Amino acid sequence: VSKADGSYSMRVEWSWKGKVTPTKSGFMFEPAERDYPGVTTPQMDQDYIAMTIRHPISGKIVDKKGSPVADVLIVAEGTPPVEPVMTNSDGAFEINVEHNWRCRITAKLDGWNFSPSMKSFDASPVTGPTTVPTITGEIKMMTLSGIVKYDEKTPIVGVRVTADPNDGTVSSLTDATGRYNVKVPYHWSGSLSFFKEEFEIDANYSYADVTQDIDESAPKKTVSPAPEPVRPSPGPDRP
């Protein structure tokens, strides 16, 4: 067994023939072995280079429809640190970690939620090629809300509010208070239309790159200019 400084020595009989193979769990060696046709003199400097074995952790990310999700960042949080990778056009990823690596991998993409959000290897370290069960991603939905009224006091019930383009959006009917809540995907851009048969509703709400909930009925913040400083009036002794 090698010592703390990595050195080793062993004795063999005169003219011994055979192979010497270094082994240690989690390591591979260069060369993998040395062949000795007949030892008749001391063999010095019979060194080996040890390298930690690395194992792939692979998996795939799809959306609710089963379609692959590309460009998802796969972050390996653990010691030693591992470079993150991105899913390819097939939603697949592969990240290489050292033998007995612990901790977790996490999927991250702006505007998306993932289930499971994280895979932990704290209790069961990686000791060989590992496949992670399929991760399902779902884009975050933002809410566009407001109130439709006939006048200042009279809400209009049952107005259909629709987003255009409507891919992935969820339309809304105004409730008893005239409020609507339209769901649109994260990063959505477009406009809202309002319809109820007995009304002509003239409203134009356009949005670009929606990344947060927007409530059109919320009080708008205004910023007033700072008042001019009050200057003292010149006294009788001042020019």
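In what follows, the structure referred to is the one given above.
Residues numbered from 1 in each chain as written. Predicted model: local features only at pLDDT ≥ 70, side-chain atom pairs only at ≥ 80, totals over all residues. Heavy atoms only, no water.

Visitor: Give a detailed account of the packing of aromatic side chains, specifying residues and quantitative values.
Guide: Under the definition given, this model contains eight aromatic pairs. Pairing Trp 112 with Phe 114 gives two aromatic rings, centres 6.3 Å apart and planes at 15 degrees, and the pair type is stacked. An aromatic cluster of three or more residues is present, and its members are Tyr 180, Phe 194 and Tyr 205. A cation sits over an aromatic face here: Arg 34 above Tyr 48, 5.0 Å from the ring centre. Here Lys 119 stacks its cationic end above the ring of Phe 121, 5.6 Å away from the centre of that ring. (Phe/Tyr/Trp six-rings, centres within 6.5 Å; stacked < 30°, edge-to-face > 60°. Lys NZ or Arg CZ within 6 Å of the ring centre and 35° of its normal.)

Visitor: Could you give an account of the environment of Gln 212, with specific residues and numbers?
Guide: With respect to the helices and strands, Gln 212 occurs in the loop between strand 19 (205-210) and strand 20 (214-215). The exposure class of Gln 212 is exposed, given its relative accessible area of 53%. Along the sequence, Gln 212 and Ser 15 sit 197 residues apart, while their C-alpha atoms lie 79 Å from each other. (Helix = DSSP H or I, 4+ residues; strand = E, 2+ residues; numbered from the N terminus. Buried < 20%, exposed > 50% of the residue type's maximum accessible area, 1.4 Å probe, protein only.)

Visitor: Can you explain a nonpolar patch on the surface? Please cite residues and give values.
Guide: Residues Tyr 8, Met 10 and Val 12 make up a contiguous nonpolar surface patch of roughly 280 Å² in combined accessible area. We classify Val 12 as partly exposed; its relative accessible area is 37%. (Patch = residues over 30% accessible without salt bridge, like charges linked within 9 Å, V, L, I, M, F, W, Y side chains within 5 Å. Areas by Shrake-Rupley, 256 points an atom, 1.4 Å probe, with all protein chains shown as cover. Salt bridge = Lys/Arg side-chain N within 4 Å of Asp/Glu carboxyl O.)

Visitor: Which residues make up the sheet that holds strand 17 (residues 179-185), and what are the values?
Guide: Read across the sheet, three strands follow the order 17-14-20 without closing on themselves; strand pairing throughout is mixed. The open sheet has two free edges, formed respectively by strand 17 and strand 20, since each of these has just one partner strand. In terms of strand pairing, strand 14 (residues 141-147) meets strand 17 through seven bridges, oriented antiparallel. Counted as the bridge partner of Thr 143 is Lys 183 from strand 17. (Pairing = 2+ DSSP bridges.)

Visitor: Explain the nonpolar core to me, and be specific about the residues and the numbers.
Guide: Residues Ile 57, Ile 61, Val 72, Ile 74, Trp 101, Ile 105 and Phe 121 are the most contacted members of the largest nonpolar core, which totals 19 residues. Looking at this core, the elements that each hand over two or more residues are strand 5 (54-63), strand 6 (73-77), strand 8 (92-98) and strand 9 (104-108). Of all the elements, strand 8 adds the most residues to this core, at three residues. Not counting residues up to four positions away in its chain, the partners in contact with Ile 61 are Ser 67, Pro 68, Val 69, Val 72, Ile 74, Thr 87, Gly 91, Phe 93, Ala 107, Phe 114, Ile 135 and Gly 137. Judged by nonpolar contacts, the second largest core, of 16 residues, contains Ala 163, Tyr 180, Phe 194 and Val 210. (Core = buried A, V, L, I, M, F, W, Y, C linked by side-chain atoms within 4.5 Å. Contact = heavy atoms within 4.5 Å.)

Visitor: Can you tell me about the side chain of Gln 46, naming the residues and giving the values?
Guide: Take Gln 46: it is sitting in the loop between strand 3 (34-39) and strand 4 (49-52). In terms of polar contacts, Gln 46 uses its side chain to reach the side chain of Tyr 36, at 2.8 Å. Discounting residues that sit within four places of it in the chain, Gln 46 has contacts with Tyr 8, Arg 34 and Tyr 36. (Polar contact = N/O pair within 3.5 Å; in protein donor to acceptor, adjacent residues only side chain to side chain.)

Visitor: Can you explain the sheet that holds strand 19? Please cite residues and give values.
Guide: Spatially, four strands are ordered 16-15-18-19 in an open sheet, and the strand pairing comes out antiparallel. Each having just a single partner strand, strand 16 (172-173) and strand 19 make up the two edges of the open sheet. Note that strand 18 (residues 188-195) and strand 19 share four bridges and pair antiparallel. Bridging from a neighbouring strand, Trp 188 pairs with Val 210 of strand 19.

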